[in-house]
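The residues making up each chain are set out below.
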Amino acid sequence: AAIRPAVTFSPNYKKIFTTESITMTCEGDSTIGGGPNYIWSKDNSPVHNGKSYTIQSAGTSDSGSYRCQTRPGEISDPARLDVSDGYVILQTPLYVYEGDYINIRCHHRPGYSGERTRFYKDNTVIRDWTDNAEYYIGKIDGMTAGIYRCEKVIIGLYISADAVSVSVE
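Described below are features of the structure shown in this document. If you're wondering where the values come from, they're calculated on a predicted model, not measured in any experiment.

### A word on the overall build of the protein
Scanning the protein from N- to C-terminus turns up zero helices and 16 strands. Expressed along its principal axes, the backbone C-alpha trace of the protein runs to roughly 55 × 35 × 20 Å. Within the protein, the fraction of its 169 residues that count as buried is 41%. Within the protein, contacts between residues separated by at least 24 positions form 58% of all contacts whose residues are at least 6 apart in sequence.

### Digging into the state of the cysteines
The tally for this structure, following the rule as stated, stands at two disulfides. For Cys26, the disulfide goes to Cys68, at an S-S distance of 2.1 Å. Disulfide Cys26 to Cys68: torsion about the S-S bond roughly 75 degrees, handedness right-handed. Of this pair, Cys26 sits in strand β3 (residues 22–27) while Cys68 sits in strand β7 (residues 64–70), placing them 42 residues apart in sequence. Of the residues examined, Cys26 reaches a relative accessible area of 0% and is grouped as buried. Disulfide pairing places Cys106 opposite Cys150 at an S-S distance of 2.1 Å. Between Cys106 and Cys150, the disulfide has an S-S torsion of 80 degrees and is therefore right-handed. One end of the pair, Cys106, is in strand β10 (residues 101–108); the other, Cys150, is in strand β14 (residues 146–154), with 44 residues separating them in the sequence. A residue is classified by how much of its surface remains accessible, and Cys106, at 1% relative accessible area, is buried. Look at the protein and number its bonded cysteines as they come in the sequence; the links are 1-2, 3-4.

### Considerations on the pattern of salt bridges
Applying the stated criterion across every chain, the model contains six salt bridges. Here Asp82 ties to Arg80 by a salt bridge, and the two come within 3.0 Å at their closest N and O atoms. By relative accessible area, Asp82 is classed as partly exposed at 29%. Members of the salt-bridge network, linked through shared partners, are Arg118, Asp128 and Glu151.

### Observations regarding the nonpolar core
By size, the foremost hydrophobic cluster in this structure holds 17 residues, and its most contacted members are Val7, Phe9, Met24, Trp40, Ile55 and Leu81. Mapped onto this core, the elements with two or more residues apiece are β1 (6–10), β3, β4 (38–42), β6 (52–55), β7 and β8 (79–84). Counting 16 residues, the second largest nonpolar core, distinct from the first, contains Val88, Tyr135, Ile137 and Ile140.

### Considering a nonpolar patch on the surface
On the surface, a cluster of nonpolar side chains totalling about 390 Å² of accessible area is made up of Tyr87, Tyr112, Ile155 and Leu157. As for its position among the elements, Tyr112 is in the loop between β10 and β11 (114–121). Classification of Tyr112 as partly exposed rests on a relative accessible area of 31%.

### Here we look at the packing of aromatic side chains
Going through the model one piece at a time under the given rule, you end up with six aromatic pairs. An aromatic cluster is present here, built from Trp40, Tyr53 and Tyr66 joined pairwise through their rings. Of note, Arg116 hangs over the ring of Trp129, and the distance from its end group to the ring centre comes to 5.3 Å. When the ring centre of Tyr120 is taken as reference, the NZ or CZ atom of Arg149 above it lies at 3.9 Å.

### Considerations on the sheet that holds β3
Read from one edge to the other, the open sheet built from three strands follows the order β1-β3-β6, with strand pairing classed as antiparallel. Strand pairing shows two members of the sheet lacking a second neighbour, β1 and β6, which therefore form its edges. Averaged over all pairs of adjacent strands, the angle between strand axes in this sheet comes to 20 degrees, irrespective of strand direction. Pairing between β3 and β6: four bridges, direction antiparallel. Bridge assignment links Thr25 to a residue of β6, and that residue is Ser52.

Cut-off values and rules
- Residues numbered from 1 in each chain as written.
- Predicted model: local features only at pLDDT ≥ 70, side-chain atom pairs only at ≥ 80, totals over all residues.
- Heavy atoms only, no water.
- Helix = DSSP H or I, 4+ residues; strand = E, 2+ residues; numbered from the N terminus.
- Buried < 20%, exposed > 50% of the residue type's maximum accessible area, 1.4 Å probe, protein only.
- Contact = heavy atoms within 4.5 Å.
- Disulfide = S-S within 2.5 Å.
- Salt bridge = Lys/Arg side-chain N within 4 Å of Asp/Glu carboxyl O.
- Core = buried A, V, L, I, M, F, W, Y, C linked by side-chain atoms within 4.5 Å.
- Patch = residues over 30% accessible without salt bridge, like charges linked within 9 Å, V, L, I, M, F, W, Y side chains within 5 Å.
- Areas by Shrake-Rupley, 256 points an atom, 1.4 Å probe, with all protein chains shown as cover.
- Phe/Tyr/Trp six-rings, centres within 6.5 Å; stacked < 30°, edge-to-face > 60°.
- Lys NZ or Arg CZ within 6 Å of the ring centre and 35° of its normal.
- Pairing = 2+ DSSP bridges.
- Axes fitted to C-alpha atoms, helices over the stretch in contact; angles between N-to-C directions.

Below, the structure written as structure tokens:
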């Protein structure tokens, strides 16, 4: 029986800014020679052939649900990519499993100077103003799952990122 493929992202964030690049890789063996052995689809429409799919300069239209399919026909679970044209985003890994150790990243639009960052969980400050744009959540379990968001000072303005739910799979 064929092994079901899985999509991975590099960098491993499910949200990026417009103009940034991301590479998606289809982890799983394709056993048939000749022709494209990996087929990529976005929102159920074919977009690419090959083991990896790189978007060099993402646009908001690249947001969507990506899947890869190997020959003889095993298809991955969907991997959601969101491309933002805002100023601040909270980046989390594509997949989060119980027992994982993860960082989340309060990322500002390239070309702007991002200053201090503040992190929240369930509307409570968990790290007050810091120069570090990453927050180490640590080992994921039922206690660490929740709604995270961040706020960053950019060009003298306080800009908050959309909240992100970190749930345990």
